[in-house]
Amino acid sequence: MNQSHTGTSSQPHFETLPLVSLADEVIRGRLAGLEPGVTVTLRARTIDDLDHVWESTARFTADAGGTIDLSRQAPERGSYEGVEPMGFLWSMRPVDGVSGWSKTTALPVTIDLTAEVSPGVFVEAKVARLVAGPGVTRTEVRDDGLYGTLFTPSGAGSHPTIMLLGGSGGGLSEPQAALYASRGYCALALAYFRAGHLPVDLVEIPLEYFERAIAWLAARPEVDASRLAVGGTSRGGELCLLLASRYPQFKAVVASVPSAIVYGGIGSEEESHTRPAWTYRGEAIPYLHARPGHLPEYDTAGGDGFALTSIYLRSLEQAEAARRATIPVEQINGPVLAISGKEDAMWPSSVYGDMVLERLSEHLHPYPDQHLTYAGTGHSVGQPWWPTTITKTLHPVSKILFALGGDPKQSAHARADTWSQTLAFLEANL
């Protein structure tokens, strides 16, 4: 027999579980109406934007009142350990073994919850997780050669605004921008390669492209151009620091797992890394070679993936080249929030974050700069409560399997803390 219950009754049912919530909100899940001491297996299942199925399971025993409360009970076994109200979400793993959670659109994510309360008897609920809250509007941006999406919060008037830049995978990712808009900010998700008419590789990207984006935002009535921030992740973190050091229009910076150094290009061709990633007025922005040439072990990297951090650390031994390629963050016209993982296997973001803060301090940067660095956390930072179980990724450009590092549980908690602290940082400084 297959039963479905989502309301309150004397029968087993989910309660205090919001069926619709923003993706950054904590769900307080509770299963009630059970026989005391009964064993229940809870299964969560969802599908990402590439139609990959993700799933978690957890086994609980109902308390004397016939309830299972995810906010105060630990599973006896399953996909996660300990009392984790959101464990059923962040501990989901891909059923087909893919190497990354794919969420690039602003469409809601539906989580199917199933609790087997006795053999053949199930309690079911569907939970919708929104990245774009009520009233948020989405506008495709294709003006002046740009390729992006602007998300605008509900409410009239102009809003503080953030430009968001992705990493070395390229393309256009909308969820973070949509979630910013859900929290009161205009947010422009801006692609700069591997999207539409843009370059295929992260090679010789002109900074003038971002100048046009700044001008485009300043002309929008819903944008308060006096309160403009820039944020980026990984190579996008490097880029946002570089842009803010050159364009005083940016009044705050959120650099996630960034570099303090400008590095070379990334592309499908082996020589891409010997070419500049960024140019200005046709000239290369000084950059550092991360590696001297082809490394044969890339070809056979499997299992946990190839860890690049040691290679990037060795690149810093090129003292003079590293000095020339260091981003002059002291020129940034506002506070910097750097975010890093101490177990970052892609590159040493915690070291780079320290370098950024040290340089700012040495130059008496007159703003409340911060570096948030998290133990047990790797290269995968981002929105809270999406799956954090993947610690390696097949790079979409190089097609190499890279290690990301980090522990899923610690990474999940770091993401939640990062998001709340980022919102507080922007609230205080924009």
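Anyway, here's the lowdown on the structure attached to this text. Nothing here was measured: the structure is a model prediction, and the numbers come from that model.

Next up on the list: the overall build of the chain. The helix and strand inventory of the chain stands at 9 helices and 23 strands. For 430 residues, the compact-globule estimate of 2.2 N^0.38 gives 22 Å, and the chain sits close to it at 23 Å. Oriented by its inertia axes, the alpha-carbon framework of the chain measures out at about 70 × 55 × 40 Å. In the chain, which comprises 430 residues, the share counted as buried stands at 55%.

On to the sheet that holds strand 1 (residues 13-15), then. The sheet built from 3 strands is open, its strands ordered 1-3-6 with antiparallel pairing. Of all the strands in the sheet, just strand 1 and strand 6 (68-69) have a single pairing partner and so form its edges. Pairing geometry for strand 1 and strand 3 (residues 30-32), over 3 bridges, is antiparallel. Considered in strand 3, the bridge of F14 is made with L31.

The strand order across the open sheet formed by 3 strands is 15-18-19, and the pairing between neighbours is mixed. Edge positions in the sheet fall to strand 15 (205-206) and strand 19 (283-284), since each has one partner strand and no second.

Right, let's get into the pattern of salt bridges. Inspection of every chain in the model, using the stated rule, returns 22 salt bridges. Among the salt bridges present, the one from E55 reaches R45, with a minimum N-O distance of 2.5 Å. Pair noted here: E55 is in strand 5 (residues 53-61) and R45 is in strand 4 (residues 39-47), with a separation of 10 residues, a long-range link. Among the ionic pairs, R212 bridges to D144, the shortest N-O distance being 3.9 Å. In this pair, R212 is assigned in helix 3 (residues 208-218) and D144 in the loop between strand 11 (137-141) and strand 12 (148-152), connecting sequence segments 68 residues apart. Taking relative accessible area as the criterion, D144 reaches 52% and is therefore assigned exposed. Where salt bridges share partners, they join R138, E140, R142 and E174 into one cluster.

Right, let's get into the state of the cysteines. Here the structure, examined in full by the defined rule, presents 0 disulfides. Cysteine C186 is unpaired, with the sulfur of C240 as its nearest cysteine sulfur at 19 Å.

This part covers the nonpolar core. Judged by nonpolar contacts, the single largest core of 68 residues is most densely connected at M163, L165, Y192, F210 and W278. L179, A189, L372 and I390 belong to the second largest nonpolar core, which has 65 residues in total.

Bringing the environment of T388 into the picture now. Relative to the elements of secondary structure, T388 occurs in the loop between strand 21 (370-374) and strand 22 (392-394). Residue T388 is classed as buried on the basis of its relative accessible area of 6%. Taking the C-alpha atoms as reference points, T388 and W90, 298 residues apart in sequence, are found 5.5 Å from one another.

Mapped onto the secondary structure, I68 falls in strand 6. For I68 and L42, which are 26 residues apart along the polypeptide, the C-alpha to C-alpha distance reads 10 Å. Those residues in contact with I68 that lie beyond four places of it in its chain are G29, R30, L31, L34, V40, F60, T61, A62 and Q73.

Attention now moves to the packing of aromatic side chains. Enumeration according to the criterion identifies 14 aromatic pairs in this entry. Taking 5.5 Å as the distance between ring centres and 85° as the angle between the ring planes, the aromatic pair formed by W347 and Y352 counts as edge-to-face. In this structure an aromatic cluster arises from ring pairing among Y192, F193, Y209, F210 and W278. In this structure, R142 packs its charged tip against the face of Y147, placed 3.7 Å from the ring centre.

The next subject is unusual backbone geometry. Positive phi, normally seen in glycine, also occurs at T16, with a value near 50°. Position of T16 relative to the elements: it lies in the loop between strand 1 and strand 2 (20-22). The phi torsion at K399 lies on the positive side, around 65°, for a residue other than glycine. With respect to the helices, strands and loops of the structure, K399 is situated in the loop between strand 22 and strand 23 (401-403). With a relative accessible area of 58%, K399 lands in the exposed category.

Conventions adopted
By convention here, each chain's residues receive numbers from 1 onward along its written sequence. Restriction of local features to residues with pLDDT of at least 70 applies here, the model being predicted, together with a cutoff of 80 or more for giving and counting side-chain atom pairs; totals for whole chains, interfaces and linings are based on all residues. Processing note: side-chain calculations cover all non-hydrogen atoms of the structure and skip hydrogens and water entirely. What counts as a helix is a DSSP run of H or I of at least four residues, what counts as a strand is a run of E of at least two, and both are numbered from the N terminus. The reference for a compact globule is 2.2 Å times residues^0.38; the radius of gyration itself is calculated from the C-alpha atoms. Only protein chains enter the accessibility calculation, which uses a 1.4 Å probe; a residue is then buried when its area is under 20% of its type maximum, exposed when over 50%, and partly exposed in between. Two strands are said to pair when DSSP picks up at least two bridges between them. Any carboxyl oxygen of Asp or Glu that lies within 4 Å of a side-chain nitrogen of Lys or Arg is treated as forming a salt bridge with it. Two cysteine sulfur atoms make up a disulfide if the distance between them is within 2.5 Å. Take the buried residues of types Ala, Val, Leu, Ile, Met, Phe, Trp, Tyr and Cys, join any two whose side-chain atoms come within 4.5 Å, and each joined set is a nonpolar core. Note on contacts: a residue pair is in contact if any heavy atoms of the two residues lie within 4.5 Å. Aromatic pairs are defined between Phe, Tyr and Trp rings, using the six-membered ring for Trp, whenever the two ring centres lie within 6.5 Å; interplanar angles under 30 degrees are classed as stacked, those over 60 as edge-to-face, and all others as tilted. Here, a charge over a ring is recorded when the distance from Lys NZ or Arg CZ to the ring centre is within 6 Å and its angle to the ring normal is within 35 degrees.

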